[in-house]
Structures are given as C-alpha cells and as structure tokens.
Amino acid sequence: MRWRFGLWSFLTLAVISFPDIQARLVRNHVSSICSTWGREHFKTFDGDVYQFPGMCEYNLVSDCYQSYQEFAVHIKRTENDGNPTISYLAITINEVLFHLSKSWISVNYEQVHLPYYKGGVQVENNAAYIKLQAKVGITVMWNGDDAVMVEIDGDFANKTCGLCGDFNGVPVYNEFIHSGRKISPIEFGNKHKAHLPNDDCDDPYEEEDELLEAVALPDSCKEVQTICEQMFLSDSWSSCAKLINPEVYIQACVKDMCGCSNSTNDYCICSTLSEFSRQCSHAGGQPPNWRTPQFCEKQCPYNMVYEESGSPCMDTCTHQDVSSFCEDHKMDGCFCPSGTVFDDISERGCVPQAECQCKHDKIYNPGEIYQQDREECTCFEGLWNCISIEKPATCAVEGGSHFTTFDGKTYIFHGDCFYTLAKDEVSPKFTLLAQLVPCTHQQFDTCLKALKILLNNDKNNVLTFNSDGTVMQNQQTVTLPYNSGDISIFQASSFHILLQTRFGLQIQIQHVPLMQVYISLEQSYRSKTRGLCGNFNMILSDEMKTPQGIVEGTAASFSNSWKANLMCSDRQERLDDPCSLSLENEFYAKHWCSLFLSPNSTFAPCRSMVDPEMFYKRCIYSTCSCEKSEACLCAVFSSYARACAEKGVFVTNWKESVCDTYTKSCPASQTFSYTNKRCQLTCRSLSSDQQSCTSDFLPVDGCACAEGLFMDENGICIPMEKCSCYHNGVYVKPGKSINIRDDHWTLQSVSLAVGVQMVSWRTEKAPRTEIKLTKGKYEEEDLGQGPLIHHRIRRVGLYLVVESDIGLALLWDRKTTVRILLEPQHSGEVCGLCGNFDGNGLNDYTIQGQMMVSNSLEFANSWKASSTCPDVEENVDSCVAAPMRHHWAKMMCSIITGDTFKDCHNKTDPRPFYENCVKDSCACDTGGDCECFCSAVAAYAQACNEAGVCVAWRTPDICRYSYTRNPNATYNNKNYSSNQYTSYNNFQTIHNHQVYHYTNIYNNTEIIHYNKSDSYT
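Residues numbered from 1 in each chain as written. Predicted model: local features only at pLDDT ≥ 70, side-chain atom pairs only at ≥ 80, totals over all residues. Heavy atoms only, no water.

Draft legend 1. Geometry of the overall build of the chain. For the chain, the helix and strand inventory stands at 16 helices and 59 strands. Taken over 1017 residues, the chain has a buried fraction of 51%. About 47800 Å² of surface is accessible on the chain, with carbon and sulfur atoms providing 49% of the total. (Helix = DSSP H or I, 4+ residues; strand = E, 2+ residues; numbered from the N terminus. Buried < 20%, exposed > 50% of the residue type's maximum accessible area, 1.4 Å probe, protein only. Areas by Shrake-Rupley, 256 points an atom, 1.4 Å probe, with all protein chains shown as cover.)

Given below as structure tokens:
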C-alpha cells in the first residue's frame, strides 16, 4: 500500500518579510476571476458585468501598486465573419513577453513549442484552452476564440488596474465612479488602451447617457429576452442559479442575440451560456452537460468527450493519480470517459488502464518484460511489477581514494597505511587489506599500492596483488594462471587480473592506468562483513561502523578505525578543493570530464542507465589531484565504463578521443579490445587438469590474444596447435616425448574443452485537508471528503511548523528549505522524491511506475504533480551558466569548510554541503542571492545539530535575521508537547547587544529566538 499526505509546499526565492499568517477556506473562486467573452462582455474581479466594444489593444489586468510591474495582460480583439474574436494576448511576466495567438506562441519574440516551462511560467495547450500559469500568482486561460479568463492571488487585492478593475471587493466603486461622477463602460474601457508605437486605432465613441445601468430593450428584442430567460432559469440550471446571479448573463444573452445579424448562428447564444457554465464551475457548482450535436456542439480529439465541468488534471498512463491531488478548480473541456486514462505514451487517446503501456528505454506492451541488472519487471496496467534478482554486491576502491561500499555508499578517504577492506566475521574465510599511500609529492594524490588477501585466517597463506601487476604468495612471485584449492587467478587482459573462488568471493584487480579493485560477494554474506566496504546489510545509516560498533559521521574517523597497523597515524579530512591549486589543471579537468555530460560523447548511450553526475565530480577531483592527470582521468572513464557494463550497456571506443596511449601500447602479437571475456588465454592454462576460470565476470578492456590464439611462455600469441605442454614446471614443445609414470607420451596437439555458462501518497482514502505553503504564508482548504486528520499549524522561531496526529511533521523556513519528519510507523509506506523510507538506500530511486532507476532526472520527472508539465531534460551546472558568480560562491561557502564549523568536521562530512552551497549560490542570480547561500549553510548547521554540535554561525554580517514584532507569535518552547519533541542545547551569542538563541527542536532543527529583554522579539 502506498501512503501520501496531501500537503504541497511552494517555496519562493525572493527575500520575504514575515507577514501575519493567514488561513482561508478556498472553494468559490469567482471573486478572484475576471473574464471576457462573446460580443464585448467583461466581468470584473468585483463582479461588475459590462460591455466594451473596443478593437484596439487594451490592458486587461496588471498590478499597479508599485513602480515595478510583476505582470500585465493585454488583449486585442478583431472581427471574424461579423463575430468578435480575440486575435492575440500579450502577457508580460517580470519583463518577459509572452505573445499568444491562434497559430503560434512566442517568448520575447522567439517562437516556442508547447508545453513550455521556464522561469516560473508554464504555458500549455489542451483540447479546450491555451493556459499560462505563473508563480507570481496569475493564471490566464484562453479558449482560442472569444473567451479569456484571468485568475490572480488574493495578495493582489486592491492592487490591480485594467478592464478587470481594481480587485477591491466593492462593485462599481473606482471602476465606474471617477472623481465623484459615474462614467460609462466606454469611457472606462478607453482609459485602459495600450499606447503602442505608431498605433492609429480609434477609440469607440463615448455616449454620455450610456452608463452601467441597463437600458430599456427595443420591442424587437423582447422575444429574445423571453428565450434567454427560459434557458438560464430552467430547472437544469437551478443549482448554478443559486450560486451565480443569472440576471446579468440573461442581459448579456439578450444583447448578443439582438446584435446578431443571423439569429440562427449558435454564436449568438452559445458564448454567454458557456460563460455562465464556467462561472458556475468557479463557484463550486455543477453545470449540466447542456450541449447537443445540434446546439453549441464542441468537437474533441481522439475519443475524448466534452464536459462542462471536470478536473483539468487528467490522469494518464504515466501519471495515474494526478486528479486526486489537483489544485485547479473544475473547468469545461475535453476529458477521457469514465474508466479510462489518457495514453501519453503512444498518444492513442483514452484507453482502459489495463491497456496502458510502459516506457523505459522503449515502449513495452502489457505483459512484456524488461530485465535490468537486479530486477525483472513486467508491464502491468502502465506500471512495472518488479521482482528482485539476487546478484553479488560489489565494493570498489577507485582512484586510490574513492570508496563504494557493498550497500552503495560512496566516500573519499586519503589513507597512509594498510586498512581492512572486508572480512568475513562469521566463518573467517578471508580478510582483505588495502595498502594506501601518498603518491609522490602531490598533496591530494593517494594511490592504492597493494591488496592483500588473508585466507582462512592463516597468516602463512597470504596473496598479494601489487600495483605493477605482479602477484605474490607469501613473498614468492606467482605465475598466472594460478590454481590452488578453492582459488583460481588469471589475467583477463593486460590491464586486469581476476581472482575467483568457490566460496562466493570474486575480485577484479585493475592495474592500468591505476590500480583499482572491485570486490564482489554473493548474497550469502549479507550482514556478515565488516570493514571499509561496510556491513552489507542494505542499510546506509549504519554503514560507517567501527570495530567497536560505533557509527561514525565522517569518512576519516570511520576509516582510521580500520587501520591494520596501530602505529600508523590517523588521517584528517581533506576539505580543500584540489582544483584551486592550479587553474591549468582545472581547465584540463573540466574540458575532458565534460565528456560525461556531453550528449554526443561515446558515453551518451549509458546516461539513462548510470547517472554520470557522480563520475563527473570524481573526474574533476581526481584529475586535479593527480600528478599524472591523464592516468587518473582515464581511470575514472574506465570506472564509468565498468558501471555501464554492470547495467548491460557496453561502452566502446571511448579511448579514441582520450586515453589512446593505452590502446596503442599492445605488444605486436596482441590486440586491444574493450570486451575481453575469455578464460583460457595462455598455453599453460590448456595443460591444466582443471578449468582455470569461469566466464561469469564483466568484460574488461586491455591487450590480449585475438580469438583462437593463446599466449605462450614467451608472451607471444600463437595458434593452439603450436602451444607447448606444461608438466612439473617444464614446457614441452610439440612433437617432443616425455615419460610420465613409466608411460611414454608424445605431444602432437592440444584439445580444448571449455564449459561456458549462459549469460543472459496515498492511503486508500485521500486526506480531507490540503495545506498550501506559499509566499511566507499558508492556506488551508477543506476538500470536503476523506478522513479528517487532526493537525495544528504554528510559528516557531524562523519556522512554520505543521504537526499531525498521524506521525508526520513539516518544518518550513518560509523560504527555500522544507523538512518532512516521519515516525517509524510509515516505514516502507511512502513514495515520492523523499524515497520510500524502508531502510534500503539503494532503492530510493523508484519511479512512480514502480521501477528502480539510476538516473536522477528520470526519477524526479516521474513524480511530477502535473502530467502536462514538461520533463527536465538535463541538470544544468549553475556555475557554468553563471561563471562570474562561481568565485563569489566558493568564497562565501568556504564558511562550511573553514574554522567556523571546525568542531563539526569530524562529525558530519561538510563536502556535500559545500558543493550544494556553491551550486545554489551560483543559481540564485536573479534575486535572493544571499537567501540561497544562507539556506545552504543552515542545512549544514542543522546536520551538525543532529550530530550533537551546535554552531553559532550567524552574525550581523552573515545571514542575520530581522524580526517585526508580532504579539500573537510563540517565542519560546513552553507550550511544546514534551512527550513528542524535545528542546535542548541552547547556545547564545551576543552581537550588538542582541541575543540569539540557537535551539534544537524537531530532531535538532535550528530555531532562533531573540531575547525579550531587548527591543526585538
């Protein structure tokens, strides 16, 4: 069962003051909607309905309460066959111009395709409307013909201008009363004409006696009035008439029909009837489906049907429950019939959910199977039904300092000793030790020097793999292939050596261009291992456990605890940026490492399977750290190629543009290949009485003999028939005779028999209350159905806190940070961007279709709340997009790695917080600059609080908070529920006679209070 709480948070990046918290029940939207339709009809926000026949460009609505204008909507009408229609809308959002016409959409005069989303503005086109929605608080909908609707937030009350009025809640006043006198709708409309260059459009003539009051109808229209009254006052519209006064729409209907030259034209009556239906929906009513094939019919694409009131959030095959959490009020339009969803995969129209296809790398029909490395998934009703496939887990030591545990946790450690990588705690079949040493004189360069394997806890049975490719047993060099008991060792290529065992351990040792190690263990070792490779229990939170059972917070303290020699000194966290030491190295690294992110590189086919972001960061770090930059660069490329191979994507030819030194260094008789996977590669292996390896290992790159050739004792590749025999340490040439146990043998040819294995939120009932956090405030809405969840909302220091009686709490700093706290009862019962809370960090990237993916974009896009919102195509590096901010961002964010937080560095790794800080600080380049920086630093301060280190980092110069006195706010914790959340660790710092209290509550979240003895609260 899935569980989801209907709570939406919308966080703005602008600097926000703290207005009083407001809550309102939002159901009837009529008072926040302005509309125009038909033959020049307008309805203001305040409810006035009037007619204005202007054909120029006019300001429909704009905010006019300050010098800077956040939005403006201009409208231009024309006539089509004698009927007025809207030719275009010109909408300005924060100085960006959106031009909407019937044939094309442009942004700042450049044509764009829909759906469009950028800068907080979304434009989409469904079967009924073109819709523009902006986060500034405005929504514009145009039916592509005569009707436009504008809805704005209540924050703009009494702050608008234009044909829609001033939004002050009072009809007539200010719109149709000017300087104490009543004015006509014509005069009112002409005041809002948009003055364009060289525009000679004439204003409509102003009649002195044409005021807002209704005028007497001519006798020829009285029959029309009767027809309009019969329609609008019929029983089928009775529910709407209780919510919306029909009189003004009856009068509009009469004017339409009286003004029509052709009384049989549906346009004469359909337009106003459609508007009355829309207003009924806005008011929370349910208009009837009044259209027929003979009367005001609307055509829909595919097999969709037209309804007068339906949810604009349409369920699709990929997003099957968006309507359950739809924020938009009901509208008329084209909808899928009941029991069907829209096929947004193959665009087949509306289909039963059982016929929905699935999409991953391609389109899968229901019942078809997709198999990835650890899952086999069957497409079922648009979702993936997946079963786990047990495969060995891998721990990796790459680049001399980059570690990946069996459970998938990654960290960096620069060691200088022998360290325990992994040991079997239950039956001590093996202990693996890695020797890490500084490389030459480089400050940041760490090399993996050797790997030792202690078998059966026997110190006299030690295998050593050295970085130069040699293998030793008890200090004696071993010639490969090597077989002894349950162990076999062979050279898969000139770059790689493999160790295979019969007790579930396999090790791949790469020694070109650098030594890297990959240790694979079968699932039978779950929860039985310890060391730098973790405890293999699929729980990331306890991965850094010391031999004493203490879970450390940083890689250095964890790794130091696993020193094999206590005489070695402890190593410290390295927090400096290695690229800061050399601009040349940084440019070199960024140039070549960008191949990971390039859509045209040889790595591109793997990007959907293995997210390159982590490898890109590692590439930059390693290439800047290394003395031999190319070697480290190529080692990271090799690591990514291996990760791709694990997912079934074999990347080849990546060494042609870089790292080609290694492809050209093969001996004369050998060839280079990216996919070496042969076992018996030497003549000596053919003479063995047992198979020297199995082929269940990933293909490796390097030099080797071509297919059908084998390496002889001189390192030359020859055909099998020319191979010598090997007996008792002696090579016997073909045709030579030897005596074995009194038998005479003559070598003529060698036969080969190789055994090859085949390689192939929500509850059942949605919650009743929706809480929307936006612009520093919150709004509550009673959805009218579903279970009532008891909750309370209050302000605690910097935070707005939402608590519930179902084990959920939310903390919002009213800006860019939100925290969601769940009690253990919800473990494994939730889904979304926060993961599934099941204790297994490896399956957090589960998409809405119930399949695990490795690409963060695919994962995040699947959890869109709206199926019409376009997918994010790429993660843009904000510091590359704004290079002039990069230095400032690094300088400011260095507070995280500097002395201010030094007491926390050995408790919580600051590097990911520093990286996020730099990225966020680069991204906030259009306002709210310091806000993004402060939120990023506060995130690390919060992590330190959770580790038991409280840092008073705010000063009058850095992220100072100013308060406006609010007598109704809660400023202390005396009312907190003591049995639910605990407050502790109060620190204070004094700056300019102000006292700041750093209080840890709600899992140690930073809450700031000012001392009431001062003039601040």
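Draft legend 2. Quick peek at the packing of helix α7 (residues 583–593) against helix α8 (residues 613–625). For the pair α7 and α8, interaxial distance at closest approach is 9 Å and the crossing angle is 145°. In the crossing of α7 with α8, the sense of the turn from one axis to the other is right-handed. Along its contact with α7, which presents Asn585, Glu586, Tyr588, Ala589, Lys590 and Cys593, the element α8 presents Tyr616, Cys619, Ile620, Thr623 and Cys624. Here the residues of the contact of α7 with α8 are counted per class, giving seven nonpolar, two polar and two charged. (Axes fitted to C-alpha atoms, helices over the stretch in contact; angles between N-to-C directions. Left-handed = near helix turned anticlockwise from the far one by under 90°. Contact = heavy atoms within 4.5 Å. Nonpolar A, V, L, I, M, F, W, Y, C, P; charged D, E, K, R; others polar.)

Draft legend 3. Quick look at the sheet that holds strand β10 (residues 110–112). A sheet is described by the order of its strands in space; here seven strands give the open sequence β10-β9-β8-β7-β6-β5-β16, paired in antiparallel fashion. For this open sheet the edge positions go to β10 and β16 (160–161), each flanked by a neighbour on one side alone. Here strand β7 (residues 83–93) pairs with strand β8 (residues 96–101) via six bridges, running antiparallel. Counted as the bridge partner of Tyr88 is Ser101 from β8. (Pairing = 2+ DSSP bridges.)

Draft legend 4. Quick look at empty space enclosed by the protein. Reported here for the largest cavity is a volume of approximately 180 Å³. Every element with two or more residues in the lining of the largest cavity is listed here: β40 (505–510), α9 (629–646), β43 (671–676) and β44 (700–704). Of the residues forming the lining of the largest cavity, the biggest block, four residues, is contributed by α9. Across the lining of the largest cavity, the residue classes tally to nine nonpolar, five polar and two charged. (1 Å grid on protein atoms, 1.4 Å probe; cavity = no way out; pocket = protein on both sides within 12 Å on 5 of 7 lines; lining within 4 Å. Points joined across faces, edges and corners; volume = space filled by probe spheres on them.)

Draft legend 5. Fine view of unusual backbone geometry. Backbone torsion omega between Leu114 and Pro115 reads 0°, so that peptide bond is classified as cis. Locating Pro115 in the fold gives a position in the loop between β10 and β11 (116–118). Residue Val512 is joined to Pro513 through a cis peptide bond whose omega torsion reads 0°. Tracing the backbone shows Pro513 in the loop between β40 and β41 (516–521). Here Glu347, not a glycine, exhibits a phi torsion of approximately 55°, which is positive. Tracing the backbone through its elements, the reader meets Glu347 in the loop between β21 (340–343) and β22 (349–352). One non-glycine residue, Phe837, adopts positive backbone phi at about 55°. Inspection of the secondary structure puts Phe837 in the loop between β56 (818–822) and α12 (856–862).

Draft legend 6. Fine view of the packing of aromatic side chains. Taken as a whole and judged by the stated rule, the model has 41 aromatic pairs. Pairing Phe232 with Phe276 gives two aromatic rings, centres 5.3 Å apart and planes at 65°, and the pair type is edge-to-face. With Phe232 in helix α2 (residues 222–232) and Phe276 in helix α5 (residues 267–282), the pair connects residues that are 44 residues apart, well separated along the chain. The exposure class assigned to Phe276 is buried, which follows from its relative accessible area of 0%. Taken together, Phe495, Phe596, Phe603, Phe615, Phe637, Tyr640, Trp654, Tyr662, Phe672 and Tyr674 form an aromatic cluster joined through their ring pairs. Positioned above the aromatic ring of Tyr65, the side-chain terminus of Lys159 is 4.6 Å from the ring centre. (Phe/Tyr/Trp six-rings, centres within 6.5 Å; stacked < 30°, edge-to-face > 60°. Lys NZ or Arg CZ within 6 Å of the ring centre and 35° of its normal.)

Draft legend 7. Representation of helix α15 (residues 911–923). An ideal rise of 1.5 Å per residue puts 18 Å on 13 residues; α15 measures up with 18 Å between its terminal C-alpha atoms. Listing the buried residues of α15 in full gives Arg911, Tyr914, Cys917, Val918, Ser921 and Cys922. An end-on view of α15 places all buried positions within 125° of arc, on one side of the element. (Expected span 1.5 Å × (residues − 1). Arc of directions from axis to C-beta.)

Draft legend 8. A look at the side chain of Arg77. With respect to the helices and strands, Arg77 occurs in strand β6 (residues 71–80). At 6.2 Å, Asp146 is the nearest oppositely charged side chain to Arg77, a buried residue that forms no salt bridge. A distance of 2.7 Å separates the side chain of Arg77 from the side chain of Thr36, its partner in a polar contact. (Lys, Arg positive; Asp, Glu negative; His and termini not counted. Salt bridge = Lys/Arg side-chain N within 4 Å of Asp/Glu carboxyl O. Polar contact = N/O pair within 3.5 Å; in protein donor to acceptor, adjacent residues only side chain to side chain.)

Draft legend 9. Structural context of the pattern of salt bridges. All told, the structure shown has 21 salt bridges when counted by the stated rule. Of the charged contacts, one joins Glu425 and Arg530 as a salt bridge, the two residues approaching to 3.4 Å between their closest N and O atoms. Taken together, the residues Glu425 in the loop between β31 (417–424) and β32 (430–438) and Arg530 in strand β42 (residues 529–530) connect sequence positions 105 residues apart. Look at Glu425 and you get partly exposed, because its relative accessible area is 38%. Owing to a relative accessible area of 24%, Arg530 belongs among the partly exposed residues under this scheme. Of the charged contacts in the structure, one is a salt bridge between Lys864 and Asp871, with a shortest N-O distance of 2.8 Å. Here the salt bridges share partners, and the residues they tie into one network are Glu573, Asp909 and Arg911.

Draft legend 10. Fine view of α9. Compared with an ideal rise of 1.5 Å per residue, which puts 18 residues at 26 Å, α9 spans 26 Å between its outermost C-alpha atoms and is within 8% of the ideal. Most of α9 sits out of view: 16 of its 18 residues are buried. Backbone geometry just after α9 places Gly648 at a positive phi near 90°.

Draft legend 11. Highlighting the state of the cysteines. Throughout the structure, instances matching the rule amount to 27 disulfides. With its sulfur 2.1 Å from that of its partner, Cys317 forms a disulfide with Cys356. With the S-S dihedral at roughly -75°, the linkage between Cys317 and Cys356 falls on the left-handed side. Residue Cys317 is located in the loop between β19 (305–310) and β20 (331–335), and its partner Cys356 is located in the loop between β22 and β23 (358–359); the two are separated by 39 residues in the primary sequence. Each member of the pair, Cys317 together with Cys356, is buried. Between the sulfur of Cys666 and that of Cys703 lies a disulfide, 1.9 Å long from S to S. Residues Cys666 and Cys703 are joined through a disulfide that is left-handed, its torsion about the S-S bond being -80°. With Cys666 in the loop between α10 (660–663) and β43 and Cys703 in strand β44, the pair connects residues that are 37 residues apart, well separated along the chain. (Disulfide = S-S within 2.5 Å.)

Draft legend 12. Highlighting the sheet that holds strand β12 (residues 121–125). In spatial order, the strands read β4-β3-β2-β15-β14-β13-β12-β11; together these eight strands make up an open sheet with antiparallel pairing. The sheet is open, and its two borders are formed by β4 (49–51) and β11, each paired with just one other strand. Between one strand axis and the next, the sheet turns through 10° on average, direction left out of account. Of the pairings in the sheet, the one linking strand β3 (residues 41–43) to β4 comprises three bridges and is antiparallel in character. Note that in β4 the partner of Phe42 across the bridge is Tyr50. Contacts between helix α4 (residues 247–259) and the sheet are confined to β2 (33–37), β3 and β4, with β3 contributing the most and set at about 165° to the helix.

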